Amino acid sequence: MKLVSPIRRAGRPGLRSVRAPLSAAVLASTLLGLHTAPASAVERAQPSAAAAAAPLEYSDRLIVRYRSAAEADVPSAGLQLRAHAAAQPFGTHMKHLRRLGTGAHVFQLDRPMPQDKLQQMARALQNGDADVEYAEPDLRMRPQFVPNDAKYAKQWNLFEPTTGLNLPTAWEKSTGAGVVVAVVDTGVRPHVDLQANLLPGYDFVTDRSTANDGNARDADASDPGDWTVADECGEGWPGESSSWHGTHVAGIAAAVANNGIGVAGVAHGAKLLPVRAMGRCGGYTSDIADGMIWAAGGKVSRVPANKTPARVINLSLGGASRTCSTTYSEAIKAVRQRGAVVVVAAGNENMSVARSTPANCADVVVVTAVKRNGHRASYANYGTAVDLAAPGGDTGAGILSTLNSGTRKPAKDTYAGYSGTSMATPHVAGVAALMLSVNPKLTPTQVETLLKASVRPFPGNCTGCGKGMLDANMAVDAAITARSLTVQGAPGP
Ligand SMILES: [Ca+2]
Ligand SMILES: [Ca+2]
Ligand SMILES: [Ca+2]
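This structure is a prediction, so every number in the text was calculated from the model and none was measured.

Rules used throughout
All residue numbers here refer to positions counted from 1 along the written sequence of the relevant chain. Each chain is given a letter, starting from A, and each ligand a number, starting from 1, according to the order in which they appear as written. Under the rules for a predicted model, residues below a pLDDT of 70 receive no local features and side-chain atom pairs below 80 are neither given nor counted, while totals for whole chains, interfaces and linings still include all residues. Computation of side-chain values covers all heavy atoms of the structure but excludes hydrogens and water. Strands here mean DSSP runs of E at least two residues long; helices mean DSSP runs of H or I at least four residues long; both are numbered from the N terminus. Exposed residues in this analysis have more than 50% of their type's maximum accessible area, buried residues have under 20%, and partly exposed residues fall in between, with area computed by a 1.4 Å probe over protein chains only. Surface exposure here means Shrake-Rupley accessible area, sampled with a 1.4 Å probe, where a residue is shielded only by the protein chains that are shown. Metal coordination here is assigned from N, O and S atoms located within 2.8 Å of the ion, or within 3.2 Å for Na, K and Ca; omission of water means that sites may look incomplete. Grouping buried Ala, Val, Leu, Ile, Met, Phe, Trp, Tyr and Cys residues that are joined through side-chain atoms within 4.5 Å yields what is termed a nonpolar core. For this analysis, residues touch if any pair of their heavy atoms sits within 4.5 Å. In this description, the term disulfide denotes a pair of cysteine sulfurs within 2.5 Å. A strand pair is defined by DSSP finding two or more bridges across the two strands. Axis definition: a line fitted to C-alpha atoms, limited for helices to the stretch in contact. Angles are taken between N-to-C directions and run from 0 to 180 degrees. Helix span, as expected, comes to 1.5 Å for every residue beyond the first. Oblique is the label for every angle not falling under 35 degrees (roughly parallel), over 145 degrees (roughly antiparallel), or within 65 to 115 degrees (roughly perpendicular). The classification used treats Ala, Val, Leu, Ile, Met, Phe, Trp, Tyr, Cys and Pro as nonpolar, Asp, Glu, Lys and Arg as charged, and all other residues, Gly among them, as polar. By definition, pLDDT measures how confident the predictor is in each residue, and it falls between 0 and 100. One side-chain nitrogen of Lys or Arg within 4 Å of one carboxyl oxygen of Asp or Glu is enough to make a salt bridge.

Peer 1: Any chance you could break down the overall build of the chain for me, citing the residues and the numbers?
Peer 2: Along the backbone of the chain there are 13 helices and 18 strands. Taking all 493 residues of the chain together, 63% fall into the buried category. As presented, the chain carries roughly 17,300 Å² of accessible surface, and 54% of it is formed by carbon and sulfur atoms.

Peer 1: Quick rundown of the coordination of the calcium ion (ligand 1)? Include the residues and the values.
Peer 2: Protein ligation of the calcium ion (ligand 1) involves Asp 203 (OD), Asp 213 (OD), Asp 213 (OD), Asn 215 (O), Asn 215 (OD1), Ala 216 (O) and Asp 218 (OD), the donor distances falling in the range 2.1 to 3.2 Å. Positions of the donor residues of the calcium ion (ligand 1) along the chain correspond to the pattern D-x9-D-x1-N-A-x1-D. Residue classification places Asn 215 among the partly exposed positions, given a relative accessible area of 28%.

Peer 1: Give a description of the nonpolar core that names residues and reports values.
Peer 2: With 42 residues, the main nonpolar core has Val 312, Val 428, Val 431, Met 435 and Leu 451 as its most contacted residues. Listed by contribution, the elements that provide at least two residues to this core are α6 (167–171), β13 (341–345), β15 (365–370), β16 (388–391), α11 (421–438), α12 (444–453) and α13 (472–487). When residues of this core are assigned to their parent elements, the largest contribution, 10 residues, is made by α11. Those residues in contact with Val 431 that lie beyond four places of it in its chain are Leu 165, Val 266, Leu 451, Leu 470, Ala 472 and Ala 475. Formed by 39 residues, the second largest nonpolar core is a distinct cluster that contains Leu 139, Ile 288, Ile 313 and Ala 331.

Peer 1: I'd like a rundown of the state of the cysteines, residues and numbers included.
Peer 2: Covalently bonding the sulfur atom of one cysteine to the sulfur atom of another cysteine gives a disulfide. Taken as a whole and judged by the stated rule, the model has 3 disulfides. Between Cys 233 and Cys 281 runs a disulfide, and the two sulfur atoms are separated by 2.0 Å. Disulfide Cys 233-Cys 281: the torsion about the S-S bond is -70°, which places it as left-handed. Here Cys 233 is found in the loop between α7 (208–211) and α8 (245–254), whereas its partner Cys 281 is found in the loop between β9 (271–276) and β10 (283–284), with 48 residues between them in sequence. Residue classification places Cys 233 among the buried positions, given a relative accessible area of 3%.

Peer 1: Can you tell me about the sheet that holds strand β1 (residues 58–66), naming the residues and giving the values?
Peer 2: Taken together, the 4 strands give an open sheet; going across it, the order is β2-β3-β1-β4, and neighbouring strands pair in antiparallel fashion. The open sheet has two edge strands with one neighbour each: β2 (94–99) and β4 (132–137). Each neighbouring strand pair of the sheet contributes to a mean axis angle of 30°, computed without reference to strand direction. Of the pairings in the sheet, the one linking β2 to strand β3 (residues 105–114) comprises 5 bridges and is antiparallel in character. By the bridge assignment, Lys 95 is partnered in β3 with Gln 108. Each of β1, β2, β3 and β4 touches helix α4 (residues 115–127); the most contacted strand, β4, lies at about 170° to it. Strands in contact with helix α9 (residues 285–295) are β1, β2 and β3; relative to β2, the strand with the most contacts, it is inclined by about 10°.

Peer 1: Describe α11, listing the residues and the values that go with them.
Peer 2: Its 18 residues place the ends of α11 27 Å apart at the C-alpha level, agreeing with the 26 Å of an ideal helix rising 1.5 Å per residue. For α11, the buried fraction is high: 17 of the 18 residues fall into the buried class.

Peer 1: Describe the packing of α9 against helix α10 (residues 326–337), and please don't skip the residues or the numbers.
Peer 2: Angle between the axes and distance between the axes are the two parameters that describe a pair of packed helices. The geometry of α9 relative to α10 is characterised by a closest axis approach of 9 Å and an angle of 10° between their N-to-C directions. What the angle tells us is that α9 and α10 run roughly parallel. Facing α9, whose interface residues are Thr 285, Ile 288, Ala 289, Met 292 and Ile 293, α10 presents Thr 327, Tyr 328, Ala 331, Ile 332, Ala 334 and Val 335. Classifying every residue of the contact of α9 with α10 by side-chain character gives 9 nonpolar, 2 polar and no charged.

Peer 1: Describe in detail α8, supporting the description with residues and values.
Peer 2: Along α8, 10 of the 10 residues are buried, which leaves the element largely enclosed by surrounding structure. Taken together, the buried positions of α8 are occupied by His 245, Gly 246, Thr 247, His 248, Val 249, Ala 250, Gly 251, Ile 252, Ala 253 and Ala 254.

Peer 1: Could you give an account of the pairing of β3, with specific residues and numbers?
Peer 2: Across the 10 residues that make up β3, a large majority, 7, are buried. Examined bridge by bridge, β1 and β3 share 6 bridges and lie antiparallel to one another. Pairing of Leu 62 across the sheet is with Phe 107, part of β3. Connecting the antiparallel pair β2 and β3 is a turn made up of 5 residues, with Gly 103 showing a positive phi of about 95°.

Peer 1: For the coordination of the calcium ion (ligand 2), give the residues involved together with the corresponding values.
Peer 2: Protein coordination of the calcium ion (ligand 2) is provided by Asp 203 (OD), Asp 213 (OD), Asp 218 (OD), Asp 218 (OD) and Asp 220 (O), with donor distances spanning 2.3 to 2.7 Å. The sequence pattern describing where the donors of the calcium ion (ligand 2) fall on their chain is D-x9-D-x4-D-x1-D. Here the calcium ion (ligand 2) and the calcium ion (ligand 1) are spaced 3.5 Å apart, linked through Asp 203, which binds each one.

Peer 1: I'd love a proper account of the confidence of the model for the chain, names of residues and values included.
Peer 2: Model confidence for the chain is summarised by a mean pLDDT of 85, while 85% of its residues fall at 70 or above. Under a pLDDT of 50 for its full length, residues 146–153 has, in the predicted model, 31 contacts with residues more than four places off or in other chains. When the criterion is pLDDT under 50, residues 487–493 qualifies, and its contacts beyond four places in sequence or with other chains add up to 8 contacts.

Peer 1: Would you mind going over the pattern of salt bridges in detail, with residue names and values included?
Peer 2: Enumeration according to the criterion identifies 18 salt bridges in this entry. Put simply, Asp 203 and Arg 276 hold a salt bridge, and the shortest N to O gap is 3.0 Å. Of this pair, Asp 203 sits in strand β8 (residues 202–203) while Arg 276 sits in strand β9, and the two are 73 residues apart along the sequence. Lys 452 is paired through a salt bridge with Glu 448; the nearest N and O atoms lie 3.1 Å apart.

Peer 1: I'd love a proper account of the environment of Lys 154, names of residues and values included.
Peer 2: Relative to the helices and strands, Lys 154 resides in the loop between β6 (146–147) and α5 (156–159). Take Lys 154: its relative accessible area is 60%, and that puts it in the exposed class. Considering only alpha carbons, one finds Lys 154 and Ser 401, 247 residues apart in sequence, at a separation of 9.3 Å. When sequence neighbours within four positions are dropped, the list of residues in contact with Lys 154 reads Gly 398 and Leu 400.

Below you can see the structure in the form of C-alpha cells.
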C-alpha cells in the first residue's frame, strides 16, 4: 500500500528523493488523513510501515564493484562506457563519483529512480559486463527516532527497576574508560555535556545538499542542522526542523557524568567518535559504509587515517529493504575484522525487522525498543533478527539526552526526550563499551553473545524482541567472567 510517492519535482536538481526524519507530530498531521491511526489511544500516531518505507524506495546512485578496479580510484574508460550503456535503456545517465572503502565504486544517476528500477539496472549492468562482481542501489537511510515531549522525561531508562539498565551498579565496575564509541549519524554539536568526551571525528557526507555545510566531505563532523523545507525530501512531505539526532544519540551513549549538569551517558568514561554520514533527508548507504570502515580504523581514500579507532559502532539509522546490501555486508565484515562490534536500530515502522536495513544484515547486534513499562514500544520493529531490547521511550516518557535548541541552525545547548529504536540502540552500544573496557580481548561475536546471555526477562509483552532486556550490570559481570575464562585458555564464543 503506497499512499505517498516521493516524486521529485522536475527542474530542481540536487533535491533529495527521500524525506527527512519526520517527527511523530508531523507524521500524525500529515498522514492521519491517509492512514488508519494505531488502535491504542494511549500511543501517539506512528508512521505506518508503508508510509515510512515508500520514500526510501528511491535513490539516484548505484554501487558497482569491478573485479579489475577494486584497487583503482577510477574505473577504466571502457568500464565506465559499459556502465553508461547499461543505464541508457532506463532513461538515465551514470557518472562515476568515487571509490568506496569496500573497493566498490559509486555512480551518480541524473535523477532518483524507484528501487525496483534500480535493481533492474543493476542486474542489466551485471549481466552485460563480466567484470562486474555486483551492482546494487545505493539506498538512502534515515535516522530512526521519534521526537518526544521532554517535560515528563527523566533518566528512568538508566536505573528504574522495571526497564532501567541497572547502571548505578554496573558503573561501580566500568564506565567505559579506554573505549571509543563511533556514532555514525548526523554529526554532533559541541554540547557542554558531551565536549569532554568528544574526539574530532570526520564528515563523510558527499552530497552537498544533504551535507548543508557548504561542502562535500571534510574534517568537521559538527552538525550544521538537517532542517528541510516542504517537498525537499519528496513531494508532499512538509518541512522539518533540525533534529540534532546525532547529538541526542551520542549523549545516550556517553554524555559526561558527574559534572553537575545535564544527563549521564551509559558509558560516560568512553570517548565519542562522531562520524557524520547523514544530513538533510537522511544519507546514502555508501557514505555510511565509508564512515563505518573509517571509524574502525580502515582506510578510505582521500580521508586522513583515524587515529582513534572505535571498538563500538552505533547505527541508529535504517531504510526499507528486504535484503542487506553487499555494501553493508562488506563494511560490517571489514569493521568486525578490526574488532568493532556494530549495533543497529531495528527501526520504527512497527513491522518485521526483515524489511529494515542494515538491521537485516548478519553479524550486527540488532536492538528494538521497550517502553517504560517493559512492553514493546508501538513503533518498534520486531522479528527473529532482533537480538535484544533496550529502553526506547514513548509518549510522556522519552529518553532524555543532549540536544540543541535551534530549529534550523544551531543555537543553545539543551536537553530533550526523544523516543525510537534510535534511542534504544546507544544504550546497547554504551553497554558494549562498558564490557570492552573491562575485557578488551572480547571479539565482536563474544560481545554479542554475552549481551544476549545477560539479559533480563521482559516485564511486559514484547514478542519478537530478541532474548530479553538489556542489563548493564549483568553484561559487565559476564565480560569480567569471560576475562578469567580467556586467561585460562578457554575463550568464549
Ligand atoms: Ca561537508
Ligand atoms: Ca562538515
Ligand atoms: Ca552530565
